[in-house]
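Report on the structure
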Amino acid sequence: PKDVRAASGLSIARVDARPWQSAYRTLKERWPDATLHGTATHVPQARGRDLGADIRSQVAELQIIDVETLPPTLDDAFVWFIRNGEPDAPAPIGT
């Protein structure tokens, strides 16, 4: 799992805002690879990049509880590879 997470080259902007449904919808429109984890939205970003200011401006009308940068979870990395393809991997059958 550690290798999979590292191979993604991601970090995650974890956004906790209320109402969470509006935050997710707004962030998903701006960053289509965003995913929902409980009531927090995970926005993938290149490792070393910080989208915090841009994210805060996107959801400025909502109650922002926290925006933090974290390493990707295994789920984050898995979704990233499914949507974007693993480097040097053959395309899935049926694509």
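All of these numbers come straight from a predicted model, not from anything done at the bench. Residue numbering note: each chain is counted from 1, following its sequence as written. Side-chain atom pairs in this predicted model are given and counted only at pLDDT of 80 or more, local residue features only at pLDDT of at least 70, and totals for whole chains, interfaces and linings cover all residues. Side-chain descriptors were evaluated using all non-hydrogen atoms of the structure, hydrogens and water having been removed beforehand.

Right, let's get into the sheet that holds strand β3 (residues 40-46). Sheet strands line up and pair through hydrogen bonds in the backbone, either parallel or antiparallel. Whether two strands pair depends on DSSP finding at least two bridges between them. Numbering of helices and strands runs from the N terminus, with a helix taken as a DSSP run of H or I at least four residues long and a strand as a DSSP run of E at least two residues long. With respect to topology, four strands assemble into an open sheet ordered β2-β3-β1-β4, the strand pairing being antiparallel. Among the strands making up the open sheet, the edge pair consists of β2 (35-37) and β4 (63-70). Each neighbouring strand pair of the sheet contributes to a mean axis angle of 30°, computed without reference to strand direction. By the bridge criterion, three bridges tie β2 to β3 in an arrangement that is antiparallel. Bridge pairing in β3 places T35 opposite H42. Helix-sheet contacts for helix α4 (residues 74-84) involve β1 (10-18), β2 and β3, and the interaxial angle to β2 is about 160°. Only the stretch in contact is used when fitting a helix axis, every axis being a line fitted to C-alpha atoms; angles between N-to-C directions are given from 0 to 180 degrees. Residues are treated as being in contact if the distance between any of their heavy atoms lies within 4.5 Å.

This next bit is on unusual backbone geometry. A cis amide bond links R18 to the next residue, P19, at an omega of -10°. Among the secondary structure elements, P19 is positioned in the loop between β1 and α2 (20-30).

Looking now at the side chain of Q45. Mapped onto the secondary structure, Q45 falls in strand β3. The buried label applies to any residue whose accessible area, calculated with a 1.4 Å probe on protein chains only, is under 20% of its type's maximum; exposed applies above 50%, and partly exposed to all values in between. Classification of Q45 by relative accessible area gives buried; the value is 3%. Among the polar contacts listed, one links the side chain of Q45 to the backbone nitrogen of L51, at a separation of 3.0 Å. For the purposes of these results, a polar contact is taken to be a pair of N or O atoms within 3.5 Å, where, inside protein, one atom must be able to donate a hydrogen and its partner to accept one; residues adjacent in sequence count only when each atom of the pair is a side-chain atom. In terms of polar contacts, Q45 uses its side chain to reach the side chain of T69, at 3.4 Å. Ignoring any residue separated from it by four or fewer positions in sequence, one finds Q45 in contact with G9, L10, S11, I12, A13, D50, L51 and T69.

Our next topic: the pattern of salt bridges. By definition, a salt bridge exists where a carboxyl oxygen of Asp or Glu is found within 4 Å of a side-chain nitrogen of Lys or Arg. Summed over the entire model, instances satisfying the criterion amount to four salt bridges. Note that R18 is salt-bridged to D16, the shortest N-O span being 2.5 Å. By relative accessible area, which is 30% here, R18 ends up partly exposed. Residue D54 pairs with R30 through a salt bridge whose shortest N-O separation is 3.1 Å. Taken together, the residues span a long stretch of sequence, with D54 in helix α3 (residues 52-58) and R30 in helix α2 at a distance of 24 residues.

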